[in-house]
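Architecture and fold: a report
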Amino acid sequence: MLSDQDIRDLLDSIPSGVTPVVVSKTRTDEEIRRIYNLGHRIFGENRVQELVEKRDRLPEDIEWHMVGHLQSNKVKYIAPFISMIHSIDSPKLLRIVDKEAGKYGRVIPCLLQVHIASEETKFGFDSNGIRELMRSDAAHRMEHVRISGLMGMASFTEDEVKVRNEFRNLKMLYEDLKDSEAQAARGFSVLSMGMSGDYRIAMEEGSSMIRIGTLVFGPRPGSA
Ligand SMILES: *Cc1c(COP(=O)(O)O)cnc(C)c1O
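Everything numeric in this text was worked out from a predicted model, so none of it was measured.

The next thing to look at is the site of the ligand. Taken together, the neighbourhood of the ligand is formed by Val23, Lys25, Val67, Met153, Met195, Ser196, Arg211, Ile212, Gly213, Thr214 and Arg220. Lys25 is positioned such that a nitrogen or oxygen atom in its side chain is 2.7 Å from an oxygen atom of the ligand. For the ligand, whose unbound accessible area comes to 390 Å², protein coverage reaches 90%. Taken together, the residues of the shell around the ligand break down into five nonpolar, three polar and three charged.

Quick look at the structure:
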């Protein structure tokens, strides 16, 4: 287990242009409080029920990010408080977030999840789907979501060249959207890429937000 000082050093080593989201799924309140007490405030979860329960028990000034696949029928539970949703993977989901956020007069920052890995199982848009969405009238009319950027997960592989290429392609898409969809891409400033195993590569390729769990807390119980 890392010492408090190790964790401080780790978080301090992340350049100021990169925001670390500490992914706390499966971690106990006690483990999360420890990181909180070191001054960290941004935590990510991937299941709605776990997220809502933790938010009820833990300090109010935590900024919670939803990083995992989000089912439309569960948006209503997180709409009152969620700080950012990284995993918008369909126009329909974005529409529902807009509707639910509207009930609280909120504007929820959302990232469009891009399918960059070669694996079949991962959710997300391809680049055409994103362009189509950002050009659509429907997206322009949504007042309660802000399309703040993109999120992507690289292939789960030891092949660093492959991972780097996937991140590089995502960065290119991000920059291109910022320019070509300038109207829709106002406030578009977040590129969420990089997890514990590949965050260094992601930062080298221009990530502005990394999602790290294992690196901070150690291996999750039951994971290899
Ligand atoms: C679990 C998870 C992470 C963090 O994974 P680690 O390998 O523990 O850093 C990042 N992003 C998403 C979407 C996750 O589900």
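Let us keep going from here.
Its volume calculated, the second largest pocket comes out at about 210 Å³. As for the second largest pocket, its lining consists of Met134, Ala139, His140, Met142, Val145, Arg146, Ile147, Gln183, Ala184 and Arg186. Mapped by element, the contributors of at least two residues to the lining of the second largest pocket are α7 (137-141) and β6 (145-152). With three residues, β6 is the largest single contributor of residues to the lining of the second largest pocket.

We now examine the side chain of Glu166. Along the polypeptide, Glu166 turns up in helix α8 (residues 160-180). If near-sequence neighbours (up to four positions away) are discounted, Glu166 is found in contact with Ile116, Ala117, Ser118, Ala154 and Ser155.

What counts and what doesn't
Residues numbered from 1 in each chain as written. Predicted model: local features only at pLDDT ≥ 70, side-chain atom pairs only at ≥ 80, totals over all residues. Heavy atoms only, no water. Near = heavy atom within 4 Å. Polar contact = N/O pair within 3.5 Å; in protein donor to acceptor, adjacent residues only side chain to side chain. Areas by Shrake-Rupley, 256 points an atom, 1.4 Å probe, with all protein chains shown as cover. Nonpolar A, V, L, I, M, F, W, Y, C, P; charged D, E, K, R; others polar. 1 Å grid on protein atoms, 1.4 Å probe; cavity = no way out; pocket = protein on both sides within 12 Å on 5 of 7 lines; lining within 4 Å. Points joined across faces, edges and corners; volume = space filled by probe spheres on them. Helix = DSSP H or I, 4+ residues; strand = E, 2+ residues; numbered from the N terminus. Contact = heavy atoms within 4.5 Å.

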